[in-house]
Amino acid sequence: MRDEDLMRRAIALSREQLRTGAGGPFGAVVARAGEIVAEGVNRVTSTNDPTAHAEIIAIRAACRALGTFTLAGCAIYTSCEPCPMCLAAIYWARLDRLCFANGRADAAAIGFDDARIDAVLARPRAARAIPAVRVLADEARDVFAAWTAKTDKIRY
């Protein structure tokens, strides 16, 4: 399948979401070598899970389908430019490409605005709306030291 075909599938998923009302109007497809590996739709409101964005659902399904935690060699097609959470997940999953249809400004125009999150991330930790307090750092460092010394770890 071509990029346009894969994107049309992501858009069709978003259109189906609009019809069912099971979540926001977002769809995503993960493909490898032009073949669909997994699909995802926004399930935030139907699952009461604020992380259930279409991209996250598609990434999780693709990892299950391929039996791996890395999606190197795959591309993701999303009906809308990913939010900061989804963009980070795309990088963590090591996808090779990201293709999107609607832009962030388009999403903001219909009430899905990431500007607040972008502004928070730009601030120093101490100036953010949700306090971030470091607790028991030395104890936590002991675990990281043990990880560093571990010879049989699976790197990711």
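Structure's up top.
Summary of the structure given here. Nothing here was measured: the structure is a model prediction, and the numbers come from that model. (Residues numbered from 1 in each chain as written. Predicted model: local features only at pLDDT ≥ 70, side-chain atom pairs only at ≥ 80, totals over all residues. Heavy atoms only, no water.)

Counting buried positions along strand β1 (residues 27-32) gives five out of six residues, so the element sits mostly inside the fold. Strand direction decides the pairing type here: β1 and strand β2 (residues 35-41), joined by six bridges, are antiparallel. Residue pairing for β2: V30 is matched across the bridge by A38. Where β1 folds back onto β2 in an antiparallel hairpin, the turn is made up of two residues, including A33, whose phi is positive at roughly 55°. Bridging between β1 and strand β3 (residues 74-80) involves five bridges; their strand directions are antiparallel. (Buried < 20%, exposed > 50% of the residue type's maximum accessible area, 1.4 Å probe, protein only. Helix = DSSP H or I, 4+ residues; strand = E, 2+ residues; numbered from the N terminus. Pairing = 2+ DSSP bridges.)

Time to look at the pattern of salt bridges. Taken as a whole and assessed by the stated rule, the structure comprises nine salt bridges. For the salt bridge of K150 with D152, the shortest nitrogen-to-oxygen distance reads 2.9 Å. Taking relative accessible area as the criterion, K150 reaches 37% and is therefore assigned partly exposed. Given the relative accessible area of 56%, D152 is considered exposed. Bridged by salt links that share partners, the residues R2, E4 and D5 form one connected network. (Salt bridge = Lys/Arg side-chain N within 4 Å of Asp/Glu carboxyl O.)

Note on placement: K153 falls in the segment after α7 (137-149). Buried charge without a salt bridge: K153, with D152 as the nearest opposite-charge side chain at an N-O distance of 8.1 Å. Polar contacts involving the side chain of K153 include one to the main-chain carbonyl oxygen of T148, which spans 3.0 Å. Here the side chain of K153 touches K150 through a polar contact of 3.4 Å, landing on its backbone oxygen. (Lys, Arg positive; Asp, Glu negative; His and termini not counted. Polar contact = N/O pair within 3.5 Å; in protein donor to acceptor, adjacent residues only side chain to side chain.)

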